[in-house]
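Report on the structure
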Amino acid sequence: MPVCYPMQQQVLRMLESGMRPMAIARSLSVSPDSVYWVARKNGFRFTRENLTDDEKAEVQRLREIEGLPIRVIAQRMNRPYSTIGDWARKRFCQVRDEGGSGPTVLKVPRRCPRHGMVRLWPCVACQADPI
């Protein structure tokens, strides 16, 4: 559903000024899909888009190996907290359903003797590092 070229420039100016795609669609009387199409073609990313395979691998590495919380991962990758959290939960359930014995998420952090406070127990970093 591409929009005409002058409309693309107008949408880009509005995106660069910080307007949200739905507000742009309402103000220009175009479909939201058109605005998202222009945004995607020009490198803008919004919560509506899924993680790429590379981003999923990075989230898995940061979460399972480094043991970082979801909020820190979301800030580091410049993605919404909900997108990262949804994927991390799906990954955790997938590992559990496949019979894996992944670490459990603690309500209260526990102190690992080598890595400090962790939320996943047993400490994922200790399991990954050969002694």
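Going by the structure above, here's the rest.
Description of the structure in this document. All of these numbers come straight from a predicted model, not from anything done at the bench.

This next bit is on the overall build of the protein chain. Tallying secondary structure elements over the protein chain gives seven helices and two strands in all. Element-wise, carbon and sulfur atoms account for 53% of the exposed surface of the protein chain, whose accessible area totals about 8900 Å².

So, on to the pattern of salt bridges. Within the structure shown, the criterion is met by five salt bridges. A salt bridge links Arg79 to Glu55, with the shortest nitrogen-to-oxygen separation between them at 2.9 Å. Taken together, the residues span a long stretch of sequence, with Arg79 in the loop between α5 (70-77) and α6 (81-97) and Glu55 in helix α4 (residues 53-65) at a distance of 24 residues. Judged by relative accessible area, Glu55 falls into the buried class, the value being 16%. Glu66 is the salt-bridge partner of Arg61, the closest N and O atoms lying 2.5 Å from each other. The exposure class of Glu66 is partly exposed, given its relative accessible area of 38%.

All right, on to the pairing of strand β2 (residues 116-121) then. Pairing of strand β1 (residues 104-112) with β2 involves five bridges; the strand directions are antiparallel. Within β2, the position partnered with Arg110 by the bridge is Val118. Taken together, β1 and the strand that follows it, β2, pair antiparallel across an intervening segment of three residues.

A word on the environment of Glu64. Tracing the sequence through the fold places Glu64 in helix α4. A C-alpha to C-alpha distance of 9.5 Å links Glu64 and Ala88, two positions 24 residues apart in sequence. The residues contacting Glu64, other than those within four sequence positions of it, are Arg91 and Val124.

Moving on, we come to the packing of aromatic side chains. Applying the stated criterion across every chain yields a total of zero aromatic pairs. Across from the ring centre of Tyr81, 4.1 Å away, lies the NZ or CZ of Arg71, which sits over that ring.

Here we come to the packing of α4 against α5. If you want to describe how two helices pack, look at the angle between their axes and the distance between the axes. Interaxial distance between α4 and α5 falls to 10 Å at its minimum, and their mutual angle equals 140°. Taken together, the axis directions place α4 and α5 in an arrangement best described as oblique. When you trace α4 past α5, the crossing you get is right-handed. Listed contacts from α5 to Glu55, Glu58, Val59, Leu62 and Arg63 of α4 are Ile70, Ile73, Arg76 and Met77.

Residue classification places Arg79 among the buried residues on the basis of a relative accessible area of 8%. A polar contact is formed between the side chain of Arg79 and the side chain of Glu55, at a distance of 2.9 Å.

Analysis parameters
Residues numbered from 1 in each chain as written. Predicted model: local features only at pLDDT ≥ 70, side-chain atom pairs only at ≥ 80, totals over all residues. Heavy atoms only, no water. Helix = DSSP H or I, 4+ residues; strand = E, 2+ residues; numbered from the N terminus. Areas by Shrake-Rupley, 256 points an atom, 1.4 Å probe, with all protein chains shown as cover. Salt bridge = Lys/Arg side-chain N within 4 Å of Asp/Glu carboxyl O. Buried < 20%, exposed > 50% of the residue type's maximum accessible area, 1.4 Å probe, protein only. Pairing = 2+ DSSP bridges. Contact = heavy atoms within 4.5 Å. Phe/Tyr/Trp six-rings, centres within 6.5 Å; stacked < 30°, edge-to-face > 60°. Lys NZ or Arg CZ within 6 Å of the ring centre and 35° of its normal. Axes fitted to C-alpha atoms, helices over the stretch in contact; angles between N-to-C directions. Parallel < 35°, antiparallel > 145°, perpendicular 65-115°, else oblique. Left-handed = near helix turned anticlockwise from the far one by under 90°. Polar contact = N/O pair within 3.5 Å; in protein donor to acceptor, adjacent residues only side chain to side chain.

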